[in-house]
Amino acid sequence: LAKTTQPISMDSYEGQEVNITCSHNNIATNDYITWYQQFPSQGPRFIIQGYKTKVTNEVASLFIPADRKSSTLSLPRVSLSDTAVYYCLVGPILTGGGNKLTFGTGTQLKVEL
Amino acid sequence: GAVVSQHPSRVICKSGTSVKIECRSLDFQATTMFWYRQFPKKSLMLMATSNEGSKATYEQGVEKDKFLINHASLTLSTLTVTSAHPEDSSFYICSASLGAGETQYFGPGTRLLVL
């Protein structure tokens, strides 16, 4: 699986938009990009997955440039409850499914009032 | 999304005893489940891949005789920590997916403390 690099931590205030960028220079043609959120003492929760361009769902957007060597998770108008660790994972089209996931260090997002 | 449960949520045991952790896919069948371990302020580390009806595949460095995995049905996988020691204290998390190409869903985790 392609190695990913994320900032170790980020701080923000409530109501702001937060963008977390992940670098994955060695991404392969059949790799997808997946983001998970994890709260303390809980299992990771799937946020969003994409292959190229832009993907949006009810909680986040995922921006992927044409070269796919990076991706940006965008959280609109964060609240205190968004304080968590965010993991970027890159893997084959079956990321999830029957393929094992390799977690990096993740980004600790702290949202303050 | 699909729901994965784990039981117990927390367990405290004495050194030398064995502890069984259950992982269930509540509303779907999972041919493959995964077991992870997470130490405080660290990332998840994959321990093994659990395959229904066959032997688990362990990651390098994980002792298969210490961490016994059984996947007897399409909705249940168990992890047994045998002869637990304090260094086995950790957060154990399982995951499962609906199938090929589907998202992996994680259980809530089990906190193990070995005294």
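Quick caveat, the model's predicted, so the values are computed rather than measured.

Parameters and conventions
- Along each chain, numbering runs from 1 in the same order as the chain's sequence is written.
- Throughout, the order in which chains and ligands are written sets their labels, letters from A for the former and numbers from 1 for the latter.
- Where totals are concerned, whole chains, interfaces and linings use all residues; where local detail is concerned, this predicted model gives features only for residues with pLDDT of at least 70, and gives and counts side-chain atom pairs only at 80 or more.
- Side-chain measures here rest on the full set of heavy atoms in the structure, leaving out hydrogens and waters.
- Only strands joined by at least two bridges in the DSSP assignment are considered to pair.
- Every helix listed is a DSSP run of H or I at least four residues long, and every strand listed is a run of E at least two residues long, numbered separately from the N terminus.
- Note on definitions: angles span 0 to 180 degrees between N-to-C directions of axes, and those axes are lines fitted to C-alpha atoms, for helices only across the stretch in contact.
- The term disulfide is used for any two cysteine sulfur atoms that are within 2.5 Å.
- Three labels apply to residues, based on accessible area from a 1.4 Å probe with only protein chains included: buried if under 20% of the type maximum, exposed if over 50%, partly exposed otherwise in between.
- The aromatic pairing rule takes the rings of Phe, Tyr and Trp, using the six-membered ring of Trp, and pairs them if the centres are within 6.5 Å, calling planes under 30 degrees apart stacked, those over 60 edge-to-face and the rest tilted.
- For a lysine, the NZ atom is tested; for an arginine, the CZ atom; a charge sits over a ring if that atom is within 6 Å of the ring centre and within 35 degrees of the ring normal.
- Note on terminology: a nonpolar core comprises buried Ala, Val, Leu, Ile, Met, Phe, Trp, Tyr and Cys residues joined through side-chain atoms within 4.5 Å.
- One side-chain nitrogen of Lys or Arg within 4 Å of one carboxyl oxygen of Asp or Glu is enough to make a salt bridge.

When you look at the sheet that holds strand β7 (residues 70-75) of chain A in this model, what are you seeing that I'm missing?
The strands that make up a sheet are held in pairs by hydrogen bonds between backbone atoms, and each pair lies either parallel or antiparallel. Residues and elements named next belong to chain A. Across the sheet, which stays open at both edges, the four strands sit in the order β2-β7-β6-β5 with antiparallel pairing between neighbours. Of all strands in the sheet, those bounded by a partner on one side alone are β2 (18-23) and β5 (53-56). Strand-to-strand twist across the sheet, computed as the mean angle between neighbouring axes with direction ignored, equals 15°. Sheet topology places β2 next to β7; six bridges connect them, and they run antiparallel. Across the sheet, the residue bridging to V18 is L75, located in β7.

Would you mind showing me how to read the sheet that holds strand β8 (residues 84-92) of chain A here?
All names here are of chain A. Reading across the sheet, the five strands line up as β1-β9-β8-β3-β4 and stay open at both edges, with mixed pairing between neighbours. Single-partner strands in this sheet number two, and they are β1 (9-13) and β4 (45-50). Direction aside, the axes of adjacent strands within the sheet are offset by 25° on average. Note that β8 and strand β9 (residues 107-112) share three bridges and pair antiparallel.

Please clarify how unusual backbone geometry should be interpreted in this entry.
Note: most peptide bonds trans; most residues except glycine with negative phi. Cis rather than trans, the peptide bond between H7 of chain B and P8 of chain B has omega equal to 0°. Looking at the secondary structure, you find P8 of chain B in the loop between β1 (4-7) and β2 (10-13). Here the phi dihedral of T53 of chain A falls at roughly 55°; this positive angle occurs in a residue that is not glycine. Mapped onto the elements of the fold, T53 of chain A is located in strand β5.

Is there a simple way to explain the state of the cysteines in this structure?
Simply put, disulfide is the name for a covalent bond between the sulfur atoms of two cysteines. Tallied over the full model, the rule gives two disulfides over all chains. Between the sulfur of C22 of chain A and that of C88 of chain A lies a disulfide, 2.2 Å long from S to S. Its S-S torsion of approximately -80° makes the covalent link between C22 of chain A and C88 of chain A left-handed. Of the two residues, C22 of chain A is situated in strand β2 and C88 of chain A in strand β8; the sequence distance between them amounts to 66 residues. Of the two residues examined, C22 of chain A and C88 of chain A, each falls in the buried class. Residue C23 of chain B pairs covalently with C94 of chain B via a disulfide, S to S 2.0 Å.

Help me understand the packing of aromatic side chains in this model?
Geometry of an aromatic ring pair is reported as the spacing of the ring centres plus the angle between the planes. For the coordinates displayed, the defined rule picks out nine aromatic pairs over all chains. Ring centres 5.8 Å apart and planes at 75° place the aromatic pair F103 of chain A and F106 of chain B in the edge-to-face group. Separated into two different chains, F103 of chain A in the loop between β8 and β9 and F106 of chain B in strand β10 (residues 104-106) make up a pair that spans both. With respect to burial, F103 of chain A and F106 of chain B carry one shared label: buried. Taken together through their ring pairs, the aromatic side chains of Y36, F46, Y87 and F103 of chain A together with Y36 and F106 of chain B make up a single cluster. Positioned above the aromatic ring of Y51 of chain A, the side-chain terminus of R68 of chain A is 3.9 Å from the ring centre.

Looking at this model, I keep getting lost on the nonpolar core. Mind explaining?
Considering soluble globular proteins, one finds that nonpolar side chains tend to be buried as a cluster. In terms of nonpolar packing, the biggest core is built from 25 residues, with W35, F67, L79, Y92 and L112 of chain B touching the most fellow members. When residues of this core are traced back to their parent elements, those giving at least two are β2, β3 (19-25), β4 (32-38), β5 (45-51), β7 (67-73), β8 (76-81), β9 (90-97) and β11 (110-114) of chain B. Counting residues in hydrophobic clusters, the runner-up holds 20 residues, among them W35, L62, L73 and L75 of chain A.

When you look at the pattern of salt bridges in this model, what are you seeing that I'm missing?
One pass over the full model with this rule turns up three salt bridges over all chains. Note that K110 of chain A is salt-bridged to E112 of chain A, the shortest N-O span being 4.0 Å. E112 of chain A gets classed as partly exposed once you look at its relative accessible area, which sits at 31%. The salt bridge involving R24 of chain B is made with E22 of chain B; its shortest N-O contact spans 3.5 Å. Residue classification places E22 of chain B among the partly exposed residues on the basis of a relative accessible area of 23%.

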